Amino acid sequence: MTALAPLGAAFSVEALKLRRSVVARLATLLLVVLVPLGSVGVVALARSPRAVGPTAAKLADYATGDLAATHLLACAQILSVATLVAGGFYVAWSFGRELESGTAGALFGLAVPRGTIALAKCLVALAWITVCVVVTVAVTVVASAVVTAGSGASFDGAWAGARTALVAGLLGGGLALPFAWLATVTRSQLGTVGGLVGMVALTQIVVLLGGGSWFPYAAPSLWTGLGGPTAAAAVGLPHLLLAAAVAPVATAAVVQTWRRLTNV
Amino acid sequence: MTALRLDNVSHTFGGRLALDRLTLTVRPGQVTALIGLNGAGKTTALRALAGRLRPTDGEVAILGHNPADLPFGVAARFGHVVDAPLVYPELTVTENLRCAARLHGKSRHMAIPAASAAVGRMGLEPWRHARARTLSMGNRQRLGIACATLHQPSALILDEPTSALDPQGVVLVRGLVRGLADAGAAVLVSSHHLDEVSRIADEIVVLHAGRDVGRLEPGGSDLEQRFFAMVLDADTRAAADAHAETPGGRS
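Calculation notes
Residues numbered from 1 in each chain as written. Chains lettered and ligands numbered in written order. Predicted model: local features only at pLDDT ≥ 70, side-chain atom pairs only at ≥ 80, totals over all residues. Heavy atoms only, no water. Helix = DSSP H or I, 4+ residues; strand = E, 2+ residues; numbered from the N terminus. Rg over C-alpha atoms; globule rule 2.2 N^0.38 Å. Buried < 20%, exposed > 50% of the residue type's maximum accessible area, 1.4 Å probe, protein only. Contact = heavy atoms within 4.5 Å. Areas by Shrake-Rupley, 256 points an atom, 1.4 Å probe, with all protein chains shown as cover. Expected span 1.5 Å × (residues − 1). Arc of directions from axis to C-beta. Phe/Tyr/Trp six-rings, centres within 6.5 Å; stacked < 30°, edge-to-face > 60°.

Trainee: Describe the overall build of chain A, naming the residues involved and giving the relevant values.
Mentor: Within chain A one finds 13 helices and 0 strands. Ordering the α and β elements of chain A from the N terminus gives α-α-α-α-α-α-α-α-α-α-α-α-α. Against the 2.2 N^0.38 benchmark of 18 Å for 264 residues, chain A shows a C-alpha radius of gyration of 20 Å, consistent with a compact globule. Considered along the principal axes of its C-alpha atoms, chain A spans approximately 65 × 40 × 30 Å. In chain A, which comprises 264 residues, the share counted as buried stands at 52%. Considering only contacts within chain A whose residues lie at least 6 apart along the sequence, 77% involve residues at least 24 apart. Total accessible area on chain A stands at roughly 11100 Å², and carbon and sulfur atoms take up 73% of it.

Here's what the structure looks like:
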């Protein structure tokens, strides 16, 4: 057996569990259907005569500018949060349920070590999020192409927006991995979801206080313009790299915690 | 050579003593049964042996290695079912078995026949494509044992393996355990079913209040009587010891 064979075995087992997971199926559906619909829909609403009063004010950023670019901008903004939430729910299930149901105990003494199984879980979560992000952005691009073709608008701005959406979605998904560690130490799926909700709330507070660009959970959203053009301009490559570093650091922490797991 | 070894192992849960200097060995080809009342420490001993619990004191070994960190070649020869088995409710019987085979070190190619053989061996053919969540408790237990034994382990730990089984399942598990032991495996089984233990075990260890209080000879119709006599004797001696140690008591 080669050195990578245990990881391959664990990856195939975890990938099968993901395919059978209700949480992953629901999250996939919500991401690839709801996000494109929301992205195109919110721009249509912003440019509709029906958008008046507070709705018009709230959607002002989407009311003008290149139509296709605005679709993809909305997609990037929604994805930056949606992938965090979807990924967070998935890892809460993937890691937490093993400890809640007791199957974590059955993962001791196997030819494939627990640390390798934890690594495979993280890699499967990242692969799934990556596929979801790519499909979601692709569906949004197609939907945008249909809408812009109908209105005769230019489609050129879509590609830069698609790149932003891909990066924001992947960064958001990577930020979900610390919740795998939280699920391991709390041994609770609901406790992990509570932590996820708490982190979203904390991010809002940090942004409200004017911070954010150095806060990994805020940086991707701010970069997409969710906090306005000034906040977006303040986010640069170092801030995004810091957000990107969260996933490998969290993976290393989770693997180490699973290696040292006891009293299971 | 000893395949399963607990050496002077003690463990406490928040100040409560669960295991008290327990020493136990199981040799290849031997079936040892661990019996005791609820809370005697049977499951704690098995969890320590499976590496799921770092005991407060003492040493534990599976095929000569620390169970918390088994090398690949050793882990591939070890199986256990203690509490929850390696069974996922969203997967079918066959999928669960193939996953278990992969995690026990079998290649994708080898996992398929290993899973099929386990389905036949444990009488799970009618439920081959059923999701585990739809199985009865007895069939889930059969599946869990199948997942832990499809790689023909040389060292095996089973906690209450027949607790939910029908008579046919009991006979299947008995045959499986004896077959593995006859092929050279060391098997440690915990059970409340004294008559069942009597049929499969070569040695019966009585655990009481975390302590090894003696051995019972398998066979005979008075096993239950001998078990309770041993437990009562252990309680009487413990009470006498406690009395002797209290001020005013005889020393």
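Trainee: So what about helix H10 (residues 189–208) of chain A? Which residues, and what values?
Mentor: Residue pairs three or four apart in sequence face the same way in an α-helix, which turns once every 3.6 residues. Residue and element names in this part refer to chain A. Counted at 1.5 Å a residue, the expected span for H10 with its 20 residues is 28 Å, and the 29 Å between its end C-alpha atoms agrees. Among all positions in H10, only Thr192, Val193, Leu196, Met199, Thr203 and Val206 are buried. Down the axis of H10, the sector holding all buried residues measures 140 degrees, keeping them to one side. Residues of H10 that are exposed and angled more than 90 degrees away from the buried face: Leu190, Val197 and Leu208. Check the buried side of H10 and you find it contacts helix H5 (67–101) and helix H9 (178–186).

Trainee: Tell me about the packing of aromatic side chains, and name the residues and values.
Mentor: Residue and element names in this part refer to chain A. Summed over all chains, the structure comprises 7 aromatic pairs over all chains. With centroids separated by 5.2 Å and ring planes inclined at 50 degrees, the aromatic side chains of Tyr90 and Trp128 adopt a geometry described as tilted. Here Trp128 lies in helix H7 (residues 114–151) and Tyr90 lies in helix H5, a separation of 38 residues in the sequence. Its relative accessible area of 1% is what places Tyr90 among the buried residues. Considering the side-chain rings of Phe215 and Tyr217, the 6.1 Å spacing of their centres and the 50 degrees angle between planes classify their relative orientation as tilted. You'll find Phe215 and Tyr217 in the same group, each marked buried. Taken together through their ring pairs, the aromatic side chains of Tyr90, Trp93 and Trp128 make up a single cluster.

Structural measurements only, silent on function.
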